[in-house]
Amino acid sequence: MPVTISIITAVYNRAGTVGEALESVHTQSWPHVEHIVIDGGSTDGTLEILRKYDGRLALLVSEPDNGIYEALNKGLQRATGEVVGLLHSDDYFAHDRVLERVATAFLDPSVDAVYGDLEYVSNKGGRVIRRWRSGGYSYKKVARGWMLPHPTLYLRRRIYEKWGLYDTSYQIAADYDLMLRLFSRASLHPVYIPEVLLKMRWGGESNRLSRILRKSYEDYLALRRNGVGGVGALCWKNLSKLGQFF
């Protein structure tokens with residue numbers, strides 16, 4: 001049986017970018033894709049764009065929510081694919097064979113997770129601002145502050161069923177908390193694809209100056225909650241990003 005991949009897109013008032021995100025899903029070479037879109041009740045024309053794709057979406061839900069993590073949880077609860085990944089409304093796949101690469105890696109039944117590299121690009125023109133090369137996984141690296149780029153992570157759905165969804169008590173760092181929960185405690189067998197899988201527009205929630213302190217605080221809470229590390233891991237996590245700009 002072919003590997004079916006559920007892609008979840010959470011969106012709220014992103015009329016300027018959501019169309020490109022959806023197109024990058026529907027032009028993928030891998031045909032076994034279930035695309036679920038959770039809209040938070042957009043008022044800027046986003047919903048009208050989404051409805052144009054209605055025939056190509058497995059599910060479109062539009063209703064108020066309490067933020068991106070609640071929206072992602074709604075999508076995860078509705079996903080039926082063997083593998084689940086995310087595509088945020090400001091992002092797009094690096095090329096049209098990304099999901100084929102991911103599905104091929106999951107043909108090995110022992111593989112629990114697949115991830116790759118990410119590029120942050122400018123809003124206009126797609127100029128590369130920052131390159132995030134993940135590298136291979138080890139628990140020691142996680143304890144020192146290493147983390148893979150969350151939007152490139154694909155997991156078997158059973159992993160969510162066993163280890164839980166996003167903790168919505170976090171405003172910004174629920175993705176980091178989830179990855180710490182999985183990569184420090186779940187004994188996953190991950191596979192690293194050493195290429196750029198995703199392009200992310202610069203300016204996401206965690207990149208806004210007004211939220212950096214809040215994110216660092218939540219990152220620290222996540223580290224302590226998962227018993228991985230503390231201030232040292234947090235410092236190295238942040239310092240290690242500097243080399244991605246050069």
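Quantities reported herein were computed from a predicted structural model and do not represent experimental measurements.

A look at helix α4 (residues 98-105)
Turn by turn, an α-helix covers 3.6 residues, leaving residues three or four places apart pointing in a common direction.
Here comes step 1: Among all positions in α4, only Val98, Leu99, Val102, Ala103 and Ala105 are buried. Seen along its axis, α4 keeps its buried residues to an arc of 160°; they face one direction.
Here comes step 2: The elements touched by buried residues of α4 are β1 (5-11), β2 (33-39), β5 (91-93), β6 (113-121), β8 (154-156) and β9 (190-201).

Digging into the environment of Val84
Here comes step 1: The residue Val84 is located in strand β4 (residues 83-86) in this model.
Here comes step 2: Setting aside chain neighbours within four positions, we find Val84 in contact with Ser6, Ile8, Leu76, Ala79, Leu153, Tyr154, Leu155, Arg157 and Tyr160.

Looking at helix α7 (residues 174-185)
Here comes step 1: Taking 1.5 Å per residue as the helical rise, α7 with its 12 residues ought to reach 16 Å, and the 16 Å between its terminal C-alpha atoms agrees with that figure.
Here comes step 2: Within α7, 11 of the 12 residues are buried, which leaves the element mostly enclosed by the surrounding structure.
Here comes step 3: Every buried residue of α7 is accounted for by Ala174, Asp175, Tyr176, Asp177, Leu178, Met179, Leu180, Arg181, Leu182, Phe183 and Ser184.
Here comes step 4: Ser187 sits one or two residues past α7 and shows a positive phi near 50°.

Here's the deal with the environment of Arg14
Here comes step 1: In this structure, Arg14 sits in the loop between β1 and α1 (18-26).
Here comes step 2: In sequence terms Arg14 and Thr46 are 32 residues apart; their C-alpha atoms lie 5.9 Å from each other.

A word on the nonpolar core
Here comes step 1: Tyr166 and Phe183 are the most contacted members of the largest nonpolar core, which totals 37 residues.
Here comes step 2: Secondary structure elements with two or more residues in this core: β1, β2, α3 (68-78), β4, β6, α6 (157-163), α7 and α8 (209-225).
Here comes step 3: Residue contributions to this core peak at 7 residues, all from α7.
Here comes step 4: Those residues in contact with Tyr166 that lie beyond four places of it in its chain are Tyr69, Leu72, Asn73, Leu76, Leu86, His150, Tyr160, Ala174, Asp175 and Leu178.
Here comes step 5: Of all hydrophobic cores here, the second largest spans 25 residues; its members include Val114, Leu118, Tyr120 and Met200.

Section: unusual backbone geometry
Here comes step 1: Of note in the backbone geometry, Asn13 takes a positive phi value of approximately 50° without being a glycine.
Here comes step 2: Here Asn13 shows up in the loop between β1 and α1.

As for the pairing of β2
Here comes step 1: Most of β2 is tucked away, with 6 of its 7 residues classed as buried.
Here comes step 2: Note that β1 and β2 share 7 bridges and pair parallel. Across the sheet, residue Thr9 finds its bridge partner in β2, namely Val37.
Here comes step 3: Remark: the β1/α1/β2 crossover connection has right-handed handedness.
Here comes step 4: Relative to strand β3 (residues 59-62), β2 runs parallel, the two being bridged by 4 bridges. Each bridged residue has a counterpart across the sheet, and for Ile38 the counterpart in β3 is Val61.
Here comes step 5: For the handedness criterion, the β-α-β arrangement of β2, helix α2 (residues 46-52) and β3 is classed as right-handed.

Quick notes on the pattern of salt bridges
Here comes step 1: Evaluated as defined, the whole model comprises 15 salt bridges.
Here comes step 2: Two residues, Glu218 and Arg214, come together in a salt bridge whose shortest N-O distance is 2.8 Å. You can see Glu218 and its partner Arg214 sitting in helix α8, 4 residues apart, about one turn around the helix.
Here comes step 3: Its relative accessible area of 1% is what places Glu218 among the buried residues.
Here comes step 4: The structure contains a network of salt bridges with shared partners spanning Glu119, Arg131 and Lys199.

Calculation criteria
- Position numbers for residues count from 1 along each chain, tracking the sequence in the order it is written.
- It should be noted that, the model being predicted, local features are given only for residues of pLDDT at least 70 and side-chain atom pairs only at 80 or more, the latter also being counted only at that level, while totals for whole chains, interfaces and linings use all residues.
- As a convention, hydrogens and water are excluded, and side-chain values are obtained from all of the structure's heavy atoms.
- Exposure is judged per residue with a 1.4 Å probe applied to protein chains only, and the accessible area is read against the type maximum: over 50% gives exposed, under 20% gives buried, and values in between give partly exposed.
- Numbering of helices and strands runs from the N terminus; a helix is a DSSP stretch of H or I covering at least four residues, while a strand is a stretch of E covering at least two.
- Each C-beta atom gives one direction from the helix axis, and the arc is the one those directions make.
- Contacts: residue pairs with any heavy atoms within 4.5 Å of one another.
- To estimate how far a helix should extend, the number of its residues minus one is multiplied by 1.5 Å.
- As used here, the term nonpolar core means buried Ala, Val, Leu, Ile, Met, Phe, Trp, Tyr and Cys residues forming a set that is joined through side-chain atoms within 4.5 Å.
- A strand pair is defined by DSSP finding two or more bridges across the two strands.
- Handedness rule for crossovers: strands pointing away from the viewer, path from the first strand over the helix to the second running clockwise, crossover right-handed.
- Any Lys or Arg side-chain nitrogen found within 4 Å of a carboxyl oxygen on Asp or Glu counts as a salt bridge.

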